[in-house]
4 protein chains.
Amino acid sequence: MDKGAEKSRYQGWRLRTHEIIFEAETPAGKTFDLMLITVILLSVVVVMMESTALMRDNFGEILRILEWGFTILFTIEYFLRLTTVGRPWLYARSFYGLVDLLSIIPTYLSLIVPGSQYLLVIRTLRILRVFRILRLVRYMTEASLLYRAIYASRRKIFVFLYGVMILVIIVGSLMYVVEGEENGFTSIPRSIYWAVVTLTTVGYGDIAPQTIPGQLLAVIVMIMGYGIIAVPTGIVTSELSQMSPQTFNTKTCHNCSAEGHDKDAVYCKFCGEKV
Amino acid sequence: MDKGAEKSRYQGWRLRTHEIIFEAETPAGKTFDLMLITVILLSVVVVMMESTALMRDNFGEILRILEWGFTILFTIEYFLRLTTVGRPWLYARSFYGLVDLLSIIPTYLSLIVPGSQYLLVIRTLRILRVFRILRLVRYMTEASLLYRAIYASRRKIFVFLYGVMILVIIVGSLMYVVEGEENGFTSIPRSIYWAVVTLTTVGYGDIAPQTIPGQLLAVIVMIMGYGIIAVPTGIVTSELSQMSPQTFNTKTCHNCSAEGHDKDAVYCKFCGEKV
Amino acid sequence: MDKGAEKSRYQGWRLRTHEIIFEAETPAGKTFDLMLITVILLSVVVVMMESTALMRDNFGEILRILEWGFTILFTIEYFLRLTTVGRPWLYARSFYGLVDLLSIIPTYLSLIVPGSQYLLVIRTLRILRVFRILRLVRYMTEASLLYRAIYASRRKIFVFLYGVMILVIIVGSLMYVVEGEENGFTSIPRSIYWAVVTLTTVGYGDIAPQTIPGQLLAVIVMIMGYGIIAVPTGIVTSELSQMSPQTFNTKTCHNCSAEGHDKDAVYCKFCGEKV
Amino acid sequence: MDKGAEKSRYQGWRLRTHEIIFEAETPAGKTFDLMLITVILLSVVVVMMESTALMRDNFGEILRILEWGFTILFTIEYFLRLTTVGRPWLYARSFYGLVDLLSIIPTYLSLIVPGSQYLLVIRTLRILRVFRILRLVRYMTEASLLYRAIYASRRKIFVFLYGVMILVIIVGSLMYVVEGEENGFTSIPRSIYWAVVTLTTVGYGDIAPQTIPGQLLAVIVMIMGYGIIAVPTGIVTSELSQMSPQTFNTKTCHNCSAEGHDKDAVYCKFCGEKV
């Protein structure tokens, strides 16, 4: 009985910690989420500051201490997650589990292999957890709507990207022949890089056509890119347009059970009955 | 009785000035608005001219005199607004009140602290008052429609920008590791700046990937940016599409004279009468 | 009677020439249109070739002769238009009339003022007449649909551009203060030029922010530009979406006279009657 | 009879090979398609690697051998296609037939004319055959939907591109006069190249306006380009929006089991039965 009580006490502790860490509905869970998000953002800021020469030179010591502080905090969090979760192994192998682990390893590694704290930028991946804030500010409807629109159009987007990929390979190869290695198009992969830079209208200008035929081809590619951008936009827009009314208005007519009424409709627009 | 008459005379003067300054419906109000917009535009042109070396060298004296002229005009306007408005304190603390005040202070400050007329560029903020011209040319319907479409999609746009922000931090960190400080990616914040320049398809070219893996990553980011631009467009478009029919469809109900019916509506959706 | 016959002969000649030149329905009119378009395109090509140093040096003599040939042809055409049109003065003052005149003057001027054939580039404006080809290839429906969609959304586009203009002035002024003259932002107009280059995602890279606060501001402007592009797209798209069904499908139901049926509809979707 | 048996045996062999090579439904056809796509992708990778100096210097010999291997494989494939297809001449003259032939010729030519294996980049055109993978992964519905949307809007896109072409010629000519040859706008064609680079928001920055009037004109062109991009997007989006419901709405009629009804349909539009 003593043992059972201990076990239930232990389970109670585990259950409560689990609720705090993994759930967002309870006040304690919300507080934990907010604190976690704050700590993650701070740790990302520290990683960023360490990467700038000016900061590293002046506040190197403080940044190192902060880094160790965050690493210890994240280590505790990682072990709490492991011990309180139902299936630790499943969590450990999940995307977030791996990110959580990878974000603490580099600091410890730097004790053995000097310079490996360079890998600390992996910690910025933890920023993905910050998406939880959408749940806190109740923006999940919008997030899921966008997600579903993109998800519903994933196949069309895949086909589109597939076409762009093939187009870019052909244009890149052509440009390699037209401009040649003396004008900066030193290889086909580099020409393909140029083709992507041009087609997406980014246009760095680090490689630009120098010859008349090259500029002519570039003009065609640019105008294609200008027109092609219409395709993903059209896909996502038509998906979002179809989704919106269904999601936000589920008022149905009692008489003819028609849906799709406007938000300000009082009577069914098909049979004249009150909705 | 003498005092009351003076007071009412005073109030009449205040009321009339208030009408002229704050309202746009009366002819006097329209004239004032037009004059104010003209003066603001001229003052902004003067600030611009003062900033160019050529103009400053040749017409410095004239520009200085004009600057003082506009400052005195704006000072009079500011005090007229303060004295004729119902709650002066509320106006003084409002956005426009602060802009109005800040746009006159620098010139006076330049008497005490030399060089502080540099702050005069704040005056360009007064150009926001020029939005009143939309009321004059009766474009308010269009402006409010656009405003409502953007307002209605603000949550989706927020979620979108949130996702972009996180994406840009991760891509920037990755690029910092891939390209390294010797290729211009001197810090993570600078790499994030590059990621934004690339994802938004601006592409200055002041920082561009030099290594093969860096260019590969850049290609992925560019194509993502090319596709991602579809999301805000889809949001605003689907919002505008849903809004437009209500605004532009002029079918009115015979019974209740309501507008805004769908094009395929059979019965008035407000009173149930056939349209 | 002799005179009357001459007059009617004269009128017959004028009428026939008018038909050929101004109308596109008759076979003769079509042939004239095709020939005119060909000659205009050739003359534009000659102007382009004259502007390139290589062509000018090698074929200068031939290009000069061709230029005189086109000038004489266009002069004849201009006088034919003047004499055969109902109201010559109205034509002479119209946009096309002015372009037609301006495109022949520079060559004659070059006899008096050497070097004034430089103005010949005005001739490229004649290329606008090439829009007539849309009538020849029967693409007028599409052209007028696009024109109407843009025309219907002109007010919203005006409001949008107005907002962009004000935004660009404010951002340019801010950037002038933040970056200062030593980083290439030598004046407010130049900073506004940078703001437009950045907001429209063109991004030449001739001016780019150098300081940290400047890059931060640039990042905000870029993301704004990325989102703002959604607005004109949304405007034109929602206008085109509303227009298309009305334009291309005018089938109405005999029973309930409802419109808006799909192209493949056999029965009215509101009352079940055959359409 | 011996001859007939041989012929039928020959025909059986031809028929079977034809099925494997040209059809995608049978397991053998699928396997062949997959293998062909793999080989094409590998051959393209080899062509790419040969174009990079580093690879050519280190693995030149291996790449040459692989090149000959792919050429022999493609030669066999080409002759198999020729012998098994119904009308060999029709295939040989078709687009794919020409690409198949052109992709094997350069390697053989390099035996006679040294250096002509440079033409091998034509082989990258074979990558177009990779589109067959869409059939393998059953993405044909999406591909054909996109294709139909673009096909349906081809006339509007043509009119749009026509307008852009004329605009670009006029803007280029104007810019040539405004900026002049000393600022990099050395000829009208080059100015037109700049106009396209700017209007499509690519913005390399290899040519950029230097004078104030030139920058003013550039600002106008940029804002036009920013707005004009809305037009193709609007065209494709409205086309896709109209198409989508027919494809994705799965309401079927009880009477005639037709699909593709509108969401607000009351009666089946094909047979008049209530849906």
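Cut-offs used in this document
Residues numbered from 1 in each chain as written. Chains lettered and ligands numbered in written order. Predicted model: local features only at pLDDT ≥ 70, side-chain atom pairs only at ≥ 80, totals over all residues. Heavy atoms only, no water. Helix = DSSP H or I, 4+ residues; strand = E, 2+ residues; numbered from the N terminus. Buried < 20%, exposed > 50% of the residue type's maximum accessible area, 1.4 Å probe, protein only. Areas by Shrake-Rupley, 256 points an atom, 1.4 Å probe, with all protein chains shown as cover. Patch = residues over 30% accessible without salt bridge, like charges linked within 9 Å, V, L, I, M, F, W, Y side chains within 5 Å. Salt bridge = Lys/Arg side-chain N within 4 Å of Asp/Glu carboxyl O. Core = buried A, V, L, I, M, F, W, Y, C linked by side-chain atoms within 4.5 Å. Contact = heavy atoms within 4.5 Å. Domains from an automatic or database assignment. Phe/Tyr/Trp six-rings, centres within 6.5 Å; stacked < 30°, edge-to-face > 60°. Least-squares fit on C-alpha atoms with pLDDT ≥ 70 in both. Expected span 1.5 Å × (residues − 1). Polar contact = N/O pair within 3.5 Å; in protein donor to acceptor, adjacent residues only side chain to side chain. Nonpolar A, V, L, I, M, F, W, Y, C, P; charged D, E, K, R; others polar.

Considerations on the overall build of chain A
Summing up its helical and strand segments, chain A has 12 helices and zero strands in all. Across the 275 residues of chain A, 48% fall into the buried class. Carbon and sulfur atoms make up 67% of the accessible area of chain A, which totals about 13500 Å².

Considerations on a nonpolar patch on the surface
All names here are of chain A. The grouping of Ile72, Ile76, Tyr108, Leu111, Ile112 and Val113 at the surface amounts to a nonpolar patch, some 600 Å² of accessible area in total. Secondary structure elements with two or more residues in the nonpolar patch: helix H3 (53–84) and helix H6 (105–112). Ranked by the residues each element gives to the nonpolar patch, the list is headed by H6, at three residues. Looking at the secondary structure, you find isoleucine 76 in helix H3. For isoleucine 76, a relative accessible area of 47% translates into the label partly exposed.

Quick notes on the nonpolar core
Within the largest apolar cluster, 271 residues are counted, with the highest numbers of intra-cluster contacts made by Trp194(A), Tyr193(B), Trp194(B), Trp194(C) and Trp194(D). In terms of residue count, helix H9 (residues 154–179) of chain D provides more of this core than any other element does, 12 residues in total. When near neighbours in sequence (up to four residues on either side) are disregarded, Trp194(A) contacts Val171(A), Met175(A), Phe185(A), Ile207(A), Ala208(A), Pro209(A), Ala218(A) and Tyr204(D).

Looking at the domain arrangement of chain A
Entries for chain A in the domain assignment read domain 1 (3–135) and domain 2 (152–242). Centre-to-centre, using C-alpha coordinates, domain 1 of chain A lies 41 Å away from domain 2 of chain A.

Things to note about the pattern of salt bridges
Oppositely charged side chains can form a pair if their charged atoms are brought close together. Under the defined criterion, the tally for this structure stands at 36 salt bridges over all chains. With a shortest N-O distance of 2.7 Å, Arg81(B) and Glu77(B) are connected by a salt bridge. Pair noted here: Arg81(B) and Glu77(B) are both in helix H3 (residues 53–84), with a separation of four residues, about one helical turn. Each member of the pair, Arg81(B) as well as Glu77(B), is classed as buried. Notably, a salt bridge pairs Arg64(D) with Glu50(D), separated by 3.8 Å at the nearest N-O pair. You can see Arg64(D) sitting in helix H3 (residues 53–84) and its partner Glu50(D) sitting in helix H2 (residues 27–51), a full 14 residues away along the chain. Taking the relative accessible area as the measure of exposure, Arg64(D) reaches 36% and is therefore partly exposed. Overlapping salt bridges, with partners in common, bring together Glu77(A), Arg81(A), Asp100(A), Arg126(A) and Arg129(A) in one network.

Thoughts on the packing of aromatic side chains
Scanning the model with the defined rule gives 40 aromatic pairs over all chains in all. Judged by centre distance (6.4 Å) and plane angle (20°), the rings of Phe160(B) and Tyr226(C) are stacked. Residue Phe160(B) is found in helix H9 (residues 154–179), and its partner Tyr226(C) is found in helix H11 (residues 212–228); the two belong to separate chains. Its relative accessible area of 1% is what places Tyr226(C) among the buried residues. Ring centres of Tyr147(D) and Tyr151(D) lie 6.0 Å apart, and the angle between their planes is 25°; on these two criteria the pair is classed as stacked. Here Tyr151(D) and Tyr147(D) lie together in helix H8 (residues 140–152), a separation of four residues that amounts to about one turn.

Quick look at the relation of the copies chain A and chain C
Superposing chain A onto chain C requires a rotation of 180° together with a translation of 0.0 Å along the rotation axis, leaving an RMSD of 0.0 Å. Taken together, the rotation angle and the small translation identify this as a two-fold axis. With an isologous cut-off of 70% or more, the 100% of interface residues of chain A that recur at the interface of chain C puts this contact in the isologous class.

Details of H9(B)
Relative to the 38 Å expected for 26 residues at 1.5 Å per residue, H9(B) spans 36 Å between its end C-alpha atoms, a close match to the ideal helical length. Phi for Gly180(B), located one or two positions after H9(B), is positive at around 80°.

With respect to unusual backbone geometry
With the exception of glycine, most residues fall at negative phi, and the peptide bonds are largely trans. Residues and elements named next belong to chain A. Non-glycine residue threonine 201 carries a positive phi angle of around 60°. With respect to the helices and strands, threonine 201 occurs in the loop between helix H10 (188–199) and helix H11 (212–228). The class for threonine 201 is buried, based on a relative accessible area of 3%.

Details of the interface of chain A and chain C
Taken together, the contact between chain A and chain C spans five residues of the former and five residues of the latter. Run the count over chain A and chain C and you get zero salt bridges. At the boundary of chain A with chain C, the tally comes to zero residue pairs in polar contact (both at pLDDT 80 or more). For the side of chain A that touches chain C, the residue count by class is two nonpolar, three polar and no charged.

Description of the environment of Ile37(A)
All names here are of chain A. The residue isoleucine 37 is located in helix H2 (residues 27–51) in this model. With relative accessibility at 6%, the residue isoleucine 37 sits in the buried group. C-alpha separation for the pair isoleucine 37 and leucine 128, spaced 91 residues apart in sequence, amounts to 9.8 Å. Setting aside chain neighbours within four positions, we find isoleucine 37 in contact with Val130, Arg132, Ile133 and Leu136.

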